[in-house]
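Notes for the structure review
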Amino acid sequence: MTIGVKQPSIVLGVSGGIACYKAVELVRLLVKAGCSVQVIMTRSAMEFVTPLTFQTLSGHPVASETFNLTQESEIGHINLADSADLFVIAPATANIIGKIANGIADDLLTTVLMATQAPLLIAPAMNIHMYENPILQENLRKLRRVGYHLLEPAEGFLACGYEGKGRLPDPEKIAEEVQRLLKPKDLIGERFLITAGPNREPLDPVRYLSNRSSGKMGYALARAALRRGAAVALVTGPTALAAPAGARTTQVTTAAEMRAAVLKEFSTSTAVIMAAAVSDYRPVMRADKKIKHGKYPIELRLEPNPDILKELGAAKDGRLLIGFAAETEALTANAAKKLTEKNLDMIVANDVTQEGSGFDGDSNIATILDRTGATCALPLMSKDDLADRIFDHFLELKKPR
Ligand code: CTP
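Here the structure is a predicted model, which means the values were calculated and not measured. (Residues numbered from 1 in each chain as written. Predicted model: local features only at pLDDT ≥ 70, side-chain atom pairs only at ≥ 80, totals over all residues. Heavy atoms only, no water.)

**Observations concerning the site of the ligand**
The criterion, for reference: We call a residue near a molecule or strand whenever a single non-hydrogen atom of that residue lies within 4 Å of it. Whenever a nitrogen or oxygen atom comes within 3.5 Å of another N or O atom, the pair is scored as a polar contact, on the condition that within protein one atom can donate a hydrogen and the other can accept it, and that pairs from neighbouring residues in sequence are kept only if both atoms are in side chains. Every definition here rests on a 1 Å grid over the protein atoms only: cavities are sets of points where a 1.4 Å probe fits but cannot get out, pockets are open sets enclosed by protein on both sides within 12 Å along at least five of seven lines, and lining residues have some atom within 4 Å of a point. Placement in a cavity or pocket follows one criterion, namely that more than half of the molecule's atoms lie within 2 Å of its grid points. Under the scheme used here, helices are H or I runs from DSSP no shorter than 4 residues and strands are E runs no shorter than 2 residues, and both carry numbers assigned from the N terminus.
Surveying the vicinity of the ligand reveals 14 residues, the closest of which are Met 274, Ala 276, Leu 309, Lys 338 and Lys 342. Within the backbone of Ile 308, one N or O atom sits 3.1 Å away from a nitrogen atom of the ligand. In this structure, Leu 309 approaches the ligand through a main-chain N or O atom, which is 2.8 Å from an oxygen atom. With respect to the pocket detection grid, the ligand is positioned in the largest pocket. At the level of secondary structure, the elements contributing two or more residues to the shell around the ligand comprise helix H13 (308-314) and strand E16 (320-327). At four residues, the largest contribution of residues to the shell around the ligand is made by E16.

**Some points on the domain arrangement of the protein**
Condition: Domain start and end points were adopted from an automatic or database domain assignment. Here a residue-residue contact requires only that any non-hydrogen atoms of the pair lie within 4.5 Å. Whenever Lys or Arg places a side-chain nitrogen within 4 Å of a carboxyl oxygen from Asp or Glu, that contact is recorded as a salt bridge.
Its domain assignment divides the protein into domain 1 (9-182) and domain 2 (191-282 + 300-398). Spacing between the C-alpha centres of domain 1 and domain 2 amounts to 34 Å. On the side of domain 2, six residues touch domain 1, which itself brings seven residues to the contact. Between domain 1 and domain 2 we count zero salt bridges in total. Where domain 1 touches domain 2, the interface holds one residue pair in polar contact (both at pLDDT 80 or more). When contributions to the side of domain 1 that touches domain 2 are tallied by element, the ones reaching two or more residues are helix H9 (134-145) and helix H10 (171-181). Among the elements that line the side of domain 1 that touches domain 2, the one with the most residues is H9, at three residues.

**Some remarks on the environment of Ile 89**
Secondary-structure assignment places Ile 89 in strand E3 (residues 86-92). Ile 89 sits 75 residues away from Val 14 along the chain, and the two C-alpha atoms are 5.9 Å apart. Not counting residues up to four positions away in its chain, the partners in contact with Ile 89 are Gly 13, Ile 96, Ile 100, Leu 113, Leu 120, Leu 121, Ile 122 and Ala 123.

**Quick notes on unusual backbone geometry**
How we decide: Buried means the residue's accessible area, taken with a 1.4 Å probe over protein chains only, is under 20% of the maximum for its type, while exposed means over 50%, and partly exposed covers the values in between.
Here Ala 90 and Pro 91 are connected by a cis peptide whose omega angle stands at -5°. Relative to the helices and strands, Pro 91 is located in strand E3. Positive phi values are uncommon outside glycine, yet Asp 317 reaches one of about 50°. In this structure, Asp 317 sits in the loop between H13 and E16. Looking at Asp 317, the relative accessible area reads 69%, which means it is exposed.

**So, the environment of Asp 170**
Assignment of secondary structure puts Asp 170 in the loop between strand E7 (163-167) and H10. For the pair Asp 170 and Ala 118, spaced 52 residues apart in the sequence, the C-alpha separation amounts to 23 Å.

**Side note on the sheet that holds strand E19 (residues 366-370)**
Strand pairing in a sheet takes place through backbone hydrogen bonds and is either antiparallel or parallel in direction. Heads up, the rule is: Note: two strands are recorded as paired if DSSP finds a minimum of 2 bridges between them. Helix axes are fitted only over the stretch in contact, all axes being lines through C-alpha atoms; the angle between N-to-C directions runs from 0 to 180 degrees.
Taken in spatial order, the eight strands make up an open sheet running E12-E11-E8-E13-E16-E17-E19-E20, and their pairing is mixed. This sheet does not close on itself; its edge strands, each paired only once, are strand E12 (248-251) and strand E20 (375-377). On average, each strand axis in the sheet is tilted by 15° relative to the strand beside it, whichever way the strands run. Judged from the six bridges that link them, E16 and strand E17 (residues 346-351) form a sheet pairing that is parallel. Bridge pairing in E17 links Ala 326 to Asn 350.

**Brief notes about the environment of Asp 392**
Inspection of the secondary structure puts Asp 392 in helix H15 (residues 383-398). It is 13 Å that separates the C-alpha atoms of Asp 392 and Leu 369, two residues lying 23 residues apart in sequence. Those residues within four positions of Asp 392 in sequence are excluded, and the remaining contacts are Lys 183 and Arg 228. At 2.7 Å, the side chain of Asp 392 forms a polar contact with the side chain of Arg 228.

**Side note on H15**
Let me state the cut-off plainly: Take the number of residues in a helix, subtract one, and multiply by 1.5 Å to get its expected span.
With 16 residues, H15 should reach 22 Å at 1.5 Å per residue; the first-to-last C-alpha distance of 23 Å fits that figure. Inspection of H15 places Lys 383, Asp 384, Asp 385, Leu 386, Ala 387, Asp 388, Ile 390, Phe 391, His 393, Phe 394 and Leu 397 among the buried residues, and these make up the whole buried set.

**Focus: the pattern of salt bridges**
For the coordinates displayed, the defined rule picks out 24 salt bridges. For Asp 204, the salt bridge identified is with Arg 207, shortest N-O distance 2.5 Å. Arg 207 gets classed as partly exposed once you look at its relative accessible area, which sits at 35%. When the shortest N-O distance is used, the salt bridge between Glu 341 and Lys 337 registers 3.8 Å. With Glu 341 and Lys 337 both in helix H14 (residues 331-341), this residue pair falls four residues apart, about one helical turn. Of the residues examined, Glu 341 reaches a relative accessible area of 48% and is grouped as partly exposed. One salt-bridge network, held together by shared partners, links Asp 186, Arg 227, Arg 228, Asp 388 and Asp 392.

**Quick notes on the nonpolar core**
The nonpolar side chains of a soluble globular protein tend to be buried with one another. Here is the rule we go by: For the purposes of this section, nonpolar cores are sets of buried Ala, Val, Leu, Ile, Met, Phe, Trp, Tyr and Cys residues that join through side-chain atoms within 4.5 Å.
Among the nonpolar cores identified, the biggest contains 33 residues, and Phe 192, Ile 194, Leu 221 and Ile 390 are the most heavily contacted of them. Elements with a contribution of two residues or more to this core: strand E8 (191-196), helix H11 (216-227), strand E11 (231-236), strand E13 (271-274), E16, E17, E19 and H15. No other element matches the seven residues that H11 contributes to this core. In this structure, Ile 194 is in contact with Gly 218, Leu 221, Ala 222, Ala 225, Val 232, Ala 233, Leu 234, Val 235 and Ile 273, ignoring residues within four places of it in sequence.

This is how it looks when you write it as structure tokens:
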């Protein structure tokens, strides 16, 4: 693990499952990698492994009780919340996942979690049927939505006797993910202009043409860029998402408004990522009054909107331009064509017909293509994780050769 000047501080929450024994190995790996690890155990975790084991390996007293005066004076739960560079929960039981998803803070671990502003990595481990339970799955979706990082459980033989998905991933894999999330602020100095969400092209005062974009990918990019030290100007179509803290956000509706806002931000940006699903067409006429119900078919005439990204491609002047390609066929060929035609440096292609990929979900399956001809097909991952991969690729591309 590459460690910066300051020793990274990890708070590891251990909840009660048989996989607690793997959390012991995780502490050893993290300490070996140069992290300071502070462990919080739930009561049920202490049924599986003693605090002494974690205390010995981490070199710090283990916290477990909210109202224990000795622990509070030695460790302090708000201090724990504030000191973490990263919070990890491994193993995370169905119970703790349910509590976090519903804002319950009834023990030390959940209370500290509620107070921390550190990024959170959750590694679920449980019986296969518990993992498949729709309530648990809904809770996981909720946690992804608020930007928590989730590790997929591994498949294999489970302690309950079943075979399937539910095992805590190997400690090495969790430690690797910790390393990735602890990445340094490697985007300091960059000023990203990021677009997100759909456009709405009005037909009359109550109707519009739009698409299924949720804005989640663009917002995930904005959050990741901010986390890694960049300045962000976000130009967004209508979404249900909260504006990322720290971004300068401009709300727009139509493609024409998006173009105007983008051109305004373009000159001060160092790079642009067009994740918005820009409307290709708009109605030629917008009725002033609501179009009334009638007996006969009506015709809708549409005219093309300007291609914003192509316009930026012609005026990029040293800026790095990243586009998205939403495709339903010939994924890489179509994306490569857009990369060249729009004069881009990178394009993130996704087949929106594939399960787990595309518009409205929290995950994506993407292939990154760049101007050097490199193609990188990525597996299914959360949009937050994909955002980080896109910035990793961006930095690779910027390296002097
Ligand atoms: N884009 C844009 N302006 C448009 C249309 C698209 O800036 N009027 C941008 C999108 O934000 C995306 C990229 O161009 O980054 C590709 O968008 P996509 O919808 O996949 O392709 P189009 O160029 O619209 O081509 P087609 O719809 O024919 O696939």
